[in-house]
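Analysis of the macromolecular model
One letter stands for each residue in the lines below.
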Amino acid sequence: MANLSGLSVYLLRDIENVEDIIRASSGNKSQGSVLYSSERSGRWFIGKTEPFKTPSWVGFMESQLSNDSSEIQWSSFKVASSYGLYVIRIEVESDTGGEEKYFAVSLGHGIHMLNMEKVEPSFGLKVVVNSVPHDDLRQVDLTVPEQNSQKKLYQSSINVSKESFEVNERKDLLKGISGALPKNYFGGKESELSDEDKEKLKVYDLIGNPQEDYPLGRSLSGRDNLRVGGTITSLDQITKLCKRYYKYYTSNRYQEHFKWIDNFRIVSSHDPLHEELDHKLVTAIATSDIDYMSIASPEYIHETSAYDGYCFLGNGGKKEDKELTMFPEIGNFMEYYETKLHEFSNVEKGLALLKGGCRLALMNKDNPNYMKDWPLYKCIAWEVQHQSKGYVLSEGVWYEVDNDFRQQIENVFTNSVEDISGTIMLPAKQDHNLGNGKQNKYEAGYNKYVVDNSNGDAILFDLGAVPTMKVDGNEFCDIFDVKKKQMIHVKIGKSSSALSHLFRQGAYSAQMLKGDIKFFSETKSKFDSDVAQSLFPNESVEAKDFSVRFAVVLDYNQKLDIPFFSKVSMNDSLSEIRRDGYADTKLWFVKKEM
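Residues numbered from 1 in each chain as written. Predicted model: local features only at pLDDT ≥ 70, side-chain atom pairs only at ≥ 80, totals over all residues. Heavy atoms only, no water.

Summing up its helical and strand segments, the protein chain has 14 helices and 23 strands in all. In terms of its C-alpha atoms, the protein chain occupies a principal-axis envelope of roughly 85 × 70 × 55 Å. Looking at the 594 residues of the protein chain, the share that counts as buried comes to 50%. Taking the contacts inside the protein chain whose residues are at least 6 apart along the sequence as the reference set, 69% of them involve residues at least 24 apart. In the protein chain, 71 side chains carry a positive charge and 87 a negative one; their mean positions are 1 Å apart. (Helix = DSSP H or I, 4+ residues; strand = E, 2+ residues; numbered from the N terminus. Buried < 20%, exposed > 50% of the residue type's maximum accessible area, 1.4 Å probe, protein only. Contact = heavy atoms within 4.5 Å. Lys, Arg positive; Asp, Glu negative; His and termini not counted. Charge placed at Lys NZ, Arg CZ, Asp CG, Glu CD.)

And the structure:
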């Protein structure tokens, strides 16, 4: 009898009939059909086969080798695909008693037939954090949902705890996690186990500790779906496993070791707030209010060499003819859908486009059916304020920032803002240049303007203005206030990517000045000898005598504020600088003149 070597399970929602599960057809192309149906037992099989097709590279190779390849039967090179979805309706236990839930098992590339709008987000992730022992992890998948949306995938060759991965609990969203499950011991064999192993086996208490070697599988990997490692021998086994997984999905066991994931609470799709946030998103796109918005694949792409690039779908043209880009940006999105943007003035139409008609695709031009594609709704990262609370859209899921966590970050920000009165900083002009007849970057021009008007109290280190001030390949700071011993780092505007770089640069420079001899020596050499002797009399840095300042230059009509995740970045940098023993670090806002 044939077995399955693992499962990929999805929990479904809002299912009225089995056809809801199948992804909508594209043009005249069917996305799959119900081939087996048993309403009584609650089981369905949905399938699809692709006809054989000649890859595009065959024609190229045949034309190039036509004189030397008479033995090759080029017409024999074909590709085809088959997909399957096994759907099961199960009665599960809940707080209100028994209720029916639908689960889908993807077979082959069956995911391509599944209507992702019907998939319960983070189902697999919740199962894993509630079941896999916290020190038996193998992989974590993280996202920083700011404007320069970052995806980080950490893997380990052995079982480790999350502390072994570089997780920023105040900034990272946990999007995926994998780990190993312990082998169960029963029938008197428990006495052979160590106390640590016995503690791990408590993970099975939630399901009554059944007498099976691996009651949940050998390993679990969770995102929206749950991937199960282990041998599957029957459909009845799948039913039994889905019931168990649902118990872990609804558990709160994770709070002992993963409580930090509650910094960002998922907003349920049934919550009226979800609709309000969706409306704000559509309105922002309709009005081109996209300053804090970015676009990226919602998945970490492992086999990048298998694809040729990204393109947008849903505005006409064949997939095969699309212009591809390796790094899609929000500007590409606005340009490609320019003729459709007027439809976003109607919220319902705009939302329908984001969740269905408009898509981001990762293409393989040799085989257009071998691609990944996602609704744009799942590809947008956006941070927004609504009714005095903070929210983040990431990979198609709305998160509410925990109030206590948010207030903690906001308090640090408020206490760190310092008025520029009495400092060397000056209001910025609308235009700045370097005084050499060349228009240069605004930031370098502004920094030179400040130093030129400092009565000799400041030194210019901005590499855009003075490339020779490079220190060990890096920028020590933009401006150094000699009298106050302040390392001043300047950034124009409030994009989260630029501000994150600003704060990282400040913390790195302070750390290197104190802890790296080469960096310190090169920095010292940039000062006149008498100034250097005054600043560093002991051939080292007395960190308590120095301080760091971050200056953000804004337009005259911009609010004195920065994005929330930039505040988190600043908080992290302040902590690092403080640990190195420097005096208080402050944030300055500089306004441009009207």
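Next comes the rest of the write-up.
Right, let's get into the pairing of strand β22 (residues 547–554). β22 sits mainly inside the fold: 8 of its 8 residues count as buried. The side-chain alternation of β22 yields two buried faces, one formed by Ser547, Arg549, Ala551 and Val553 and the other by Val548, Phe550, Val552 and Leu554. Here β22 pairs with strand β23 (residues 586–591) via 6 bridges, running parallel. Pairing of Val553 across the sheet is with Val590, part of β23. As for the winding sense of the linkage, the β-α-β connection from β22 through helix α14 (residues 564–579) to β23 is right-handed. (Pairing = 2+ DSSP bridges. Right-handed = clockwise from strand over helix to strand, strands pointing away.)

Before going further, it helps to examine the environment of Gly108. Here Gly108 shows up in strand β5 (residues 97–108). Looking at Gly108, the relative accessible area reads 66%, which means it is exposed. It is 25 Å that separates the C-alpha atoms of Gly108 and Gly357, two residues lying 249 residues apart in sequence.

A separate point is the sheet that holds strand β2 (residues 33–38). Pairing is antiparallel across the open sheet formed by 10 strands, whose spatial order is β2-β3-β4-β5-β1-β10-β9-β8-β6-β7. Each end of this open sheet is capped by a strand with a single partner; those strands are β2 and β7 (150–160). Adjacent strand axes in the sheet meet at a mean angle of 20° when their direction is disregarded. In the sheet, strand β1 (residues 4–11) pairs with strand β10 (residues 226–232) via 5 bridges, with the strands oriented antiparallel. Across the sheet, the residue bridging to Val9 is Leu226, located in β10. (Axes fitted to C-alpha atoms, helices over the stretch in contact; angles between N-to-C directions.)

Nonpolar side chains collect at one region of the surface, where Trp57, Ile72 and Phe77 lie side by side and expose about 250 Å² of accessible area between them. Following the sequence through the fold, Trp57 ends up in helix α1 (residues 56–64). Residue classification places Trp57 among the partly exposed positions, given a relative accessible area of 35%. (Patch = residues over 30% accessible without salt bridge, like charges linked within 9 Å, V, L, I, M, F, W, Y side chains within 5 Å. Areas by Shrake-Rupley, 256 points an atom, 1.4 Å probe, with all protein chains shown as cover. Salt bridge = Lys/Arg side-chain N within 4 Å of Asp/Glu carboxyl O.)

The next subject is the nonpolar core. Among soluble globular proteins, nonpolar side chains are generally buried collectively. With 44 residues, the main nonpolar core has Phe103, Phe123, Leu174, Ile177, Leu220, Tyr245 and Phe258 as its most contacted residues. Elements that contribute at least two residues to this core include exactly β1, β4 (82–94), β5, α2 (123–129), β6 (137–144), β8 (173–180), β10 and α4 (235–249). The leading source of residues in this core is α4, at 7 residues. Not counting chain neighbours up to four residues away, the residues in contact with Ile177 comprise Leu125, Val128, Val129, Leu137, Gln139, Val140, Leu220, Ser221, Gly222 and Phe258. (Core = buried A, V, L, I, M, F, W, Y, C linked by side-chain atoms within 4.5 Å.)

Here we take up the sheet that holds β22. Strand order in the open sheet made by the 5 strands is β19-β20-β21-β22-β23, with mixed pairing throughout. Edge strands, defined here as strands with exactly one partner in the open sheet, are β19 (458–460) and β23. Ignoring which end each strand starts from, the neighbouring axes of this sheet average 25° apart. Pairing of strand β20 (residues 479–481) with strand β21 (residues 486–492) involves 3 bridges; the strand directions are antiparallel. Pairing of Phe480 across the sheet is with Met487, part of β21.

Attention now goes to the pairing of β8. The buried fraction of β8 amounts to 8 of the 8 residues, a majority that puts the element mostly inside the structure. For β6 and β8, the ladder comprises 6 bridges, and the chain directions are antiparallel. The partner of Val140 across the bridge, within β8, is Ile177. One ladder, built from 4 bridges, connects β8 with strand β9 (residues 219–222); its direction is antiparallel. Among the inter-strand pairings, Ser178 is bridged to a residue of β9, identified as Ser221.

Right, let's get into helix α12 (residues 517–525). Residues Phe519, Phe520, Thr523 and Lys524 constitute the buried set of α12. Axial view of α12: buried residues confined to an arc of 130°, hence all on one face. In α12, the exposed residues that point more than 90 degrees away from the buried face are Ile517 and Ser525. Where α12 is buried, its residues touch α11 (496–515) and α13 (529–535). (Arc of directions from axis to C-beta.)

Turning our attention to unusual backbone geometry. Unlike most non-glycine residues, Asp14 shows phi in positive territory, near 55°. Within the fold, Asp14 resides in the loop between β1 and β2. Given a relative accessible area of 41%, Asp14 falls into the partly exposed group. Despite not being glycine, Asn209 has its phi angle at roughly 45°, a positive value. Within the fold, Asn209 resides in the loop between α3 (195–201) and β9. Taking relative accessible area as the criterion, Asn209 reaches 31% and is therefore assigned partly exposed.

Following both chains from N to C, one finds α11 and α12 inclined at 95°, their axes separated by 6 Å at the closest point. Classed by the angle they form, the pair α11 and α12 counts as roughly perpendicular. Where α11 approaches α12, its residues Ser509, Met512, Leu513 and Gly515 are matched on the opposing element by Ile517, Phe519, Phe520 and Thr523. (Parallel < 35°, antiparallel > 145°, perpendicular 65-115°, else oblique.)

Residue placement: Lys586 occurs in strand β23. Buried within the structure, Lys586 lacks any salt-bridge partner; its nearest side chain of opposite charge belongs to Asp584, at an N-O separation of 4.4 Å. Non-local contacts of Lys586, meaning those with residues more than four positions away in its chain, are made with Asn415, Ser416, Glu418, Val548, Arg549 and Phe550.

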